[in-house]
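Here is how the chains run, residue by residue.
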Amino acid sequence: MYAIKIELKLNNKERILMRKHSGYARFVYNYGLALTQELYFVGVRGSITKQINEIKKVFTGYTKKQPENQWMNQLSSKVYQRAFMDLGQAYQRWAKGLSGKPAFKSKKDGDSFTVYDSNGKVLALSGKKIRIPTLGIFRLKEELPCSYVTQTFTISRQAEKWYVSCAVDAEKIPPTYHPQEAVGIDLGVKCFCTLSDGSQIEAPKFYKQAKTKLAKAQWQNRNKQSGNRRQGVKQSNRAKKFYDSIAKKHARSSNQRKDFLHKTTTDISRKFYRIRIEDLNVSGMLANRKLSSAISDLGFYEFRRQLIYKSEFFRTKVEVIDRWYPSSKLCSLCGSKHDNLKLSDRVYQCQNKSCLAHTITMDRDLNAAYNLLNAPPDFVRLAQSEVTLVDKK
Ligand SMILES: [Zn+2]
């Protein structure tokens, strides 16, 4: 079993619905906990499961019917059922010494609740929408790459983002067919990435444009009174408006970049089984300020992170080539090394006069992509996910 976790794309109404259900789950959990504690206090001992079952009957037969609790009837019944189950499990974990005594939940603990479909497993279809039993259909930020069979849907909030995660059986995931066996990918500033099959993916221009506009706006408004709490200077209304608009522009371009990266990494993961990319030379790249800004804008780290976590979905193998492997300096035809290659050289010309690449020049990035594809085993390691959306259970 493992869980897939994907961000939900909610509107205000849906967000309120999720918050209400989180509150409901918390209410029921605390209600059950208070009653079990009371039972213990008056001397009732014995199976906690039986106690919770009795408490559940009181809840549905009495508490839920009280006029002040009418709001509960508009919410999903799957949520309170699951909250009682959670309480039972918390007691069991405590009994086994796996965790502390069940404690009351507060708003501060964050929002989360689980919909458990007791009728059996349901199918979550691939695509950009998900049907959560008894709650409805919701949009997803990223599409489900294939259909899953699942029984639990946990909805949770991190900062202002809402996620849905489902526990899925690994065996039930349909095998993915990759039309091509392997690819080497060279990342670059001029062209976002060059694949060893000859295709090139251009860096998104809109992002660069957005950045230029942003820099311009910031310069034009450089004298705005930005406010300083320590000195008791209040932010002017115009400044507030300006900073809000900057924040919006930032969010817009970062979303565009994310969309681009998601699309690119999904396409690559669909097409190839073995994906070889170069390790990112952090210190070397950061030494050049212009280059480092361009690189962080393009999101190479994000690109790699996505390829790695998507390898779970698509059953791909992502391999990282050691950064000491001179992928851009070697000739992919004869293997000789070119030591005087400049960063500005866009084509690769082999120094070996008897090599074909001496007379016919190659695209520099394509040459590097070939080398990554054919890197010797000593330089290759399987990529490990650093931050992952796939939690193994
Ligand atoms: Zn050569």
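Further up the page is the structure itself.
Residues numbered from 1 in each chain as written. Predicted model: local features only at pLDDT ≥ 70, side-chain atom pairs only at ≥ 80, totals over all residues. Heavy atoms only, no water.

A. Summary view of the pairing of strand β5 (residues 136-144). Relative to β5, strand β4 (residues 127-132) runs antiparallel, the two being bridged by five bridges. What sits directly across from glycine 127, in β5, is leucine 144. Here β4 folds back onto β5, and the loop between the two strands holds three residues, one of which, threonine 134, carries a positive phi near 65°. (Pairing = 2+ DSSP bridges. Helix = DSSP H or I, 4+ residues; strand = E, 2+ residues; numbered from the N terminus.)

B. Region of the structure containing the layout of surface pockets. Approximately 840 Å³ is the volume found for the second largest pocket. Lys141, Glu142, Lys258, Asp259 and His262 are the residues nearest the centre of the second largest pocket, which is lined by 31 residues in total. For the lining of the second largest pocket, the secondary structure elements donating two or more residues are β1 (2-9), β5, β7 (161-168), α5 (237-271) and α8 (300-314). Looking at which element gives the most residues to the lining of the second largest pocket, the answer is α5, with 12 residues. Here the lining of the second largest pocket is built from residues that sort into eight nonpolar, seven polar and 16 charged. (1 Å grid on protein atoms, 1.4 Å probe; cavity = no way out; pocket = protein on both sides within 12 Å on 5 of 7 lines; lining within 4 Å. Points joined across faces, edges and corners; volume = space filled by probe spheres on them. Nonpolar A, V, L, I, M, F, W, Y, C, P; charged D, E, K, R; others polar.)

C. Fine view of a nonpolar patch on the surface. A contiguous nonpolar patch, built from Phe41, Val42 and Val44 and spanning about 340 Å² of accessible area, is present on the exposed surface. When you line up the elements, valine 44 lands in the loop between α1 (12-41) and α2 (48-61). By relative accessible area, valine 44 is classed as partly exposed at 34%. (Patch = residues over 30% accessible without salt bridge, like charges linked within 9 Å, V, L, I, M, F, W, Y side chains within 5 Å. Areas by Shrake-Rupley, 256 points an atom, 1.4 Å probe, with all protein chains shown as cover. Salt bridge = Lys/Arg side-chain N within 4 Å of Asp/Glu carboxyl O. Buried < 20%, exposed > 50% of the residue type's maximum accessible area, 1.4 Å probe, protein only.)

D. Seen up close, the sheet that holds strand β12 (residues 317-321). Strand order in the open sheet formed by six strands is β10-β9-β8-β11-β12-β15, and the pairing between neighbours is mixed. Of all the strands in the sheet, just β10 (200-201) and β15 (380-382) have a single pairing partner and so form its edges. Set on the sheet, α8 makes contact with β8 (180-187), β9 (193-195), β11 (272-278) and β12; between it and β11 the angle comes to about 150°. Strand contacts of helix α10 (residues 364-373): β8, β9, β11 and β12, with the helix running at about 130° to β8, the strand carrying the most contacts. (Contact = heavy atoms within 4.5 Å. Axes fitted to C-alpha atoms, helices over the stretch in contact; angles between N-to-C directions.)

E. Representation of the coordination of the zinc ion in the model. Surrounding the zinc ion are the protein donor atoms Cys331 (SG), Cys334 (SG), Cys350 (SG) and Cys355 (SG), at 2.3 to 2.4 Å. Of note is the zinc ion, whose four donor atoms meet at the metal with angles of 103 to 113° in an arrangement that counts as tetrahedral. Mapped onto the polypeptide sequence, the residues donating to the zinc ion form the spacing pattern C-x2-C-x15-C-x4-C. For cysteine 350, a relative accessible area of 0% gives the class buried. (Donors = N, O, S within 2.8 Å, 3.2 Å for Na, K, Ca; no water. Tetrahedral: all angles 85-135°; square planar, octahedral: opposite > 155°, others 65-115°.)

F. Inspection of a positive patch on the surface at higher detail. Where like charges cluster on the molecular surface, the positive patch consists of Lys9, Lys128, Lys129 and Arg139. Mapped onto the secondary structure, lysine 9 falls in strand β1. Overall, the relative accessible area of 37% leaves lysine 9 in the partly exposed class. (Lys, Arg positive; Asp, Glu negative; His and termini not counted. Charge placed at Lys NZ, Arg CZ, Asp CG, Glu CD.)

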